[in-house]
Amino acid sequence: RPYIQGCESIQVDQRTGLAYMACGNRGARTRWLHRDEKYNRAYDRFDDHVLVMDEKNNVQKLVLLERDSHSNNLVPFRQELRVHGFDIYYDDLDPSELTLMFVNHQRSGSGISIFTHRLGTSYIQHVKTVKSPLLPSPNDVVATSRRTFYATNDMRHGSGIMRKIEILFGMPWGHIVYYGPGGVFSKARTGVSYPNGIAKSADGELIYAVASSEPSISAFKADEDGVLSLVAKKVFRGFVPDNISVDGASGNLLVAGFLNTFEMFRYNREVLRGTNARPAGSVRRLALSSDSRSGFVEESVLTHDGTLLPSTTMATMQRRNGIERMLLGSVMADHIAICYNIYSK
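Residues numbered from 1 in each chain as written. Predicted model: local features only at pLDDT ≥ 70, side-chain atom pairs only at ≥ 80, totals over all residues. Heavy atoms only, no water.

Student: Describe the state of the cysteines, with residues and values.
Tutor: Under the counting rule described, the total for this entry stands at one disulfide. The thiol of C339 is not disulfide-bonded; the next cysteine sulfur, from C7, is found 15 Å away. On the basis of relative accessible area, C339 is assigned to the buried category, the value being 10%. (Disulfide = S-S within 2.5 Å. Buried < 20%, exposed > 50% of the residue type's maximum accessible area, 1.4 Å probe, protein only.)

What follows is the structure, encoded as structure tokens:
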């Protein structure tokens, strides 16, 4: 399936078991993934996609629409959509409506694009796209309501030599922003070394965020202004985390990441012209520890040599109609991976 490539993030609606995937042409992804390198603009002709997949691997491409301000009719979405991290949100106010929030790397500047989706339909409708100087380099987003969210800004500098210095030395110059009910951006947490994946706990009480350059994962509690205070933290050894999913059945976290970052960077840069790089990956299951000093209890549920899915960036559980499986995504691979019988509550 040509649409299933560059699927950086996968989110599962825990009620329906349907998996939503943010995917795009791998060449087009290099514009924002390798910002300071020469980009082939021929890749601009390839659109990014929002896909939905059931437990039988039936895949539907959702149509992007927006409301015309003059006629009030639904028309094709006229902005650029270049997806990175994303999240889905639902509540009891209208259970048939799903909110989708995407990190969107538009040429005019990156931001968060918010869409709605009515279950059973074949389209998503654009609500708004919001941008801020506080988001020069957004990476991932977690929705806290239909219109509020936290987003990770992985580096202070969007491009240039200082961005390269941030990457090389793992400088703690990234931050997490909060977009509140008043429509205002603010910094929720500063001094983070490459903040990457972000998610909320099953009960919505905690925010989990990865700091890839440390490398670590932390749990935070938000105050009434959205400021995040540390609750627990886990520093990894020999594992660089990327994205997080929360298993709705157990409340545990699934964290996908890399065992060799040099191979990961080499694969992402060379894969379009051919590479023998095989970045090994791992998926860790985490649960908050009762002992605050240890932060999280960690267990490895999957380790692979890179052949299964090079540069694995996401792992999430899909349960639907009695079928249980783990879905793996990758920002620069030409497929996803599906794993059975490797995970239990």
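Student: An account of unusual backbone geometry is needed here, citing residue identities and associated values.
Tutor: The amide bond that connects E214 to the next residue, P215, takes the cis arrangement and shows omega of -10 degrees. Inspection of the secondary structure assignment puts P215 in the loop between β16 (207-211) and β17 (216-222). Of note, N321 is a non-glycine position whose phi angle comes to about 50 degrees, a positive value. Tracing the sequence through the fold places N321 in the loop between β23 (312-320) and β24 (323-330). Residue N321 is classed as exposed on the basis of its relative accessible area, which comes to 62%. You will see that N341, though not glycine, has its phi angle at about 60 degrees, which is positive. Structurally, N341 can be placed in the segment after β25 (337-340). By relative accessible area, which is 78% here, N341 ends up exposed. (Helix = DSSP H or I, 4+ residues; strand = E, 2+ residues; numbered from the N terminus.)

Student: Quick one: what's the story with the side chain of T316, residue by residue and with numbers?
Tutor: Structurally, T316 is set in strand β23. Given the relative accessible area of 4%, T316 is considered buried. Look past the residues within four positions of T316 in its chain and what remains in contact with it is I10, V12, S245, L254, R325, M326 and L327. (Contact = heavy atoms within 4.5 Å.)

Student: Can you break down the environment of L62 residue by residue, with the values?
Tutor: Considering the arrangement of structural elements, one finds L62 in the loop between β4 (59-61) and β5 (63-67). As a C-alpha pair, L62 and I165 span 103 residues in sequence and 39 Å in three-dimensional space. Apart from the residues within four sequence positions on either side, L62 is in contact with Y20, V50, V52, H117, T121, S122, Y123 and I124.

Student: Tell me about the side chain of S201, and please be specific about residues and values.
Tutor: Among the structural elements, S201 can be located in the loop between β15 (195-200) and β16. Looking at S201, the relative accessible area reads 8%, which means it is buried. Reaching out from S201, the side chain makes a polar contact with the side chain of D203 at a distance of 2.6 Å. A polar atom in the side chain of S201 sits 3.1 Å from the backbone nitrogen of E205. (Polar contact = N/O pair within 3.5 Å; in protein donor to acceptor, adjacent residues only side chain to side chain.)

Student: An account of the nonpolar core is requested, with residue identities and associated values reported.
Tutor: Core analysis: the biggest nonpolar cluster contains 19 residues, and V283, M326 and L328 have the highest contact counts within it. Looking at this core, the elements with two or more residues in it are β20 (253-258), β22 (296-304), β23, β24 and β25. Residue contacts for V283: discarding those within four places in its chain leaves L254, V255, A256, E299, S300, V301, L302, A315, M326 and L328. Listed in part, the 17 residues of the second largest apolar core include A22, L64, L98 and F115. (Core = buried A, V, L, I, M, F, W, Y, C linked by side-chain atoms within 4.5 Å.)

Student: Pulling in residues and values, what's your account of the sheet that holds strand β18 (residues 228-235)?
Tutor: Pairing is antiparallel across the open sheet formed by four strands, whose spatial order is β15-β16-β17-β18. Whereas interior strands pair on both sides, the edge strands pair on one side only; in this sheet they are β15 and β18. Strand-to-strand twist of the sheet, defined as the mean angle between neighbouring strand axes without regard to direction, takes the value 25 degrees. Pairing of β15 with β16, which is carried by four bridges, proceeds in the antiparallel orientation. (Pairing = 2+ DSSP bridges. Axes fitted to C-alpha atoms, helices over the stretch in contact; angles between N-to-C directions.)

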